[in-house]
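The lines below spell out each chain.
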Amino acid sequence: MKIGILSSGGDCPGINATIRGVGKTALMHYGMEVIGIHSGFVGLLNKDIEVFNERSLSGILNLGGTILGTSREKPFRKLLASGDSEKPHIIKENYESLGLDCLVCIGGNGTQKTANLLSQLGLNIIGVPKTIDNDIWGTDITFGFDTAVNIATEAIDRLHSTASSHKRVMVVEVMGHHAGWIALYAGMAGGADVILLPELGYDIRKVNEVILDRAHRGKPYSIVVVAEGVSSPGKTRPADYITRAIEETTGIETRETVLGYIQRGGNPSPYDRNLATRLGGHATELISKGEFGRMVCMCGNNVTSTPLSDVAGKLKLVTEEHELIVQGLRMGINFGH
């Protein structure tokens, strides 16, 4: 068999470990041919490829980013909007002319949606879930999330000393447009006093009350962790709005820190390396069995798979019933209400 591998969407720690997991398993265990496709679906449109061997897949386990490069190309966008696009047909033609028996698509929600559409077009597809946001439906966890949480938690840890020394409120903005998983896990691990998530919303008056109450109880500094997707007036960045709102109302000096792309860069954590390796290996096992149109996933501690058609277009979001929120409320942590 001959398989192709591509990574699409934003970069993320653990993509290279996944490429290695898929490729080495295919080459060494199943005797398959493996090609890497550069720049996501752009590479499939342009036939920008390289042939992988064991040597080319060595030394990449601990590397951040992706050796194949990536892009945010969505080949079905125009087709879905107007019913007219050549890109999906070009991809199918190139898939066939390259002699591929399967295409492994490593990516987030948008990539898995595209993967499902390609599967419906008749291509043999396996999806591998990748995102630091941890918001892909159908899997308990995605690789990249643990690394991002570690980075965000370390930043919060470091801000505690500055907040305490200067008696300030420190507002930390982390990634998460629609889902607040990073804010929740890093906020709890970092000992935040207020954690604001897109799913739950917030009342800035309640946040200010918490800050003032802490000051009155002899706690002159506070840590507020904010997901980038929480609402704010106009086009104001959430951290900027919340920082100004707290300082103007409470009179306590307040500063913001936006972590941004720092959370997506650098070497993957050991957990993410092992998770990516397991997911990549299982993707190749599915290919060997001819089980296509599926996305590999984690259920508990078990690697399994789910139909791409069940995943496409869905998000896994934080709910009020999550055990970390329940426990946080019991400990006096405020979630914006």
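Reading guide: rules and limits
- Residues numbered from 1 in each chain as written.
- Predicted model: local features only at pLDDT ≥ 70, side-chain atom pairs only at ≥ 80, totals over all residues.
- Heavy atoms only, no water.
- Phe/Tyr/Trp six-rings, centres within 6.5 Å; stacked < 30°, edge-to-face > 60°.
- Helix = DSSP H or I, 4+ residues; strand = E, 2+ residues; numbered from the N terminus.
- Buried < 20%, exposed > 50% of the residue type's maximum accessible area, 1.4 Å probe, protein only.
- Lys NZ or Arg CZ within 6 Å of the ring centre and 35° of its normal.
- Pairing = 2+ DSSP bridges.
- Right-handed = clockwise from strand over helix to strand, strands pointing away.
- Axes fitted to C-alpha atoms, helices over the stretch in contact; angles between N-to-C directions.
- Contact = heavy atoms within 4.5 Å.
- Salt bridge = Lys/Arg side-chain N within 4 Å of Asp/Glu carboxyl O.

Structural notes on the packing of aromatic side chains
1) Next: According to the stated counting rule, one finds two aromatic pairs in the structure shown.
2) Next: With 5.3 Å between their ring centres and 80° between their planes, F145 and Y185 make a pair best called edge-to-face. Placement of F145 in helix α6 (residues 145-166) and of Y185 in helix α7 (residues 181-189) is noted, with a sequence separation of 40 residues between them.
3) Next: Judged by relative accessible area, F145 falls into the buried class, the value being 4%.
4) Next: Geometrically, the ring pair formed by W181 and Y185 is tilted, given 6.3 Å between the ring centres and 50° between the ring planes. On the criterion of helical spacing, the pair formed by W181 and Y185 is a turn pair, its members being four residues apart in helix α7.
5) Next: The exposure class of Y185 is partly exposed, given its relative accessible area of 30%.
6) Next: Grouped by ring-pair contacts, the aromatic residues F145, W181 and Y185 constitute a single cluster.
7) Next: Note that K314 overlies the ring of W137, its terminal NZ or CZ placed 4.2 Å from the centroid.

Details of the pairing of strand β4 (residues 102-107)
Walk down a regular strand and you will see the side chains alternate between the two sheet faces.
1) Next: Most of β4 is tucked away, with six of its six residues classed as buried.
2) Next: On β4, burial covers both faces: C102, V104 and I106 on one face and L103, C105 and G107 on the other are all buried.
3) Next: In this sheet, β4 lies alongside strand β1 (residues 2-7) in parallel orientation, the contact comprising five bridges. By the bridge assignment, I5 is partnered in β4 with V104.
4) Next: With five bridges joining them, β4 and strand β5 (residues 125-129) adopt parallel strand pairing. Along β5, the bridge assignment pairs G107 with P129.
5) Next: One crossover worth recording links β4 to the parallel β5 by way of helix α5 (residues 109-120), and it is right-handed.

Things to note about the sheet that holds β5
By way of backbone hydrogen bonds, the strands of a sheet pair with one another, either parallel or antiparallel.
1) Next: In space, the seven strands of this open sheet follow the order β3-β2-β1-β4-β5-β10-β11, with mixed pairing throughout. Each having just a single partner strand, β3 (49-51) and β11 (302-307) make up the two edges of the open sheet. The sheet shows a mean angle of 25° between the axes of neighbouring strands, taken without regard to direction.
2) Next: Here six bridges tie strand β10 (residues 294-299) to β11, and the two strands are oriented antiparallel to one another. Each residue of the ladder has a partner; that of V296, found in β11, is S305.
3) Next: Along the sheet, α5 makes contact with β4, β5 and β10, crossing β4 at roughly 160°.

Some words on the pattern of salt bridges
1) Next: Summed over all chains, the structure comprises 13 salt bridges.
2) Next: Among the salt bridges present, the one from E256 reaches R237, with a minimum N-O distance of 2.5 Å. Of this pair, E256 sits in strand β9 (residues 254-258) while R237 sits in the loop between β8 (222-227) and α9 (238-250), and the two are 19 residues apart along the sequence.
3) Next: Judged by its relative accessible area of 38%, R237 falls in the partly exposed class.
4) Next: K289 serves as the salt-bridge partner of E285, at 3.1 Å between the closest nitrogen and oxygen. Highlighted residues: E285 and K289, both in helix α10 (residues 270-289), separated by four residues, approximately one helical turn.
5) Next: For K289, a relative accessible area of 52% gives the class exposed.

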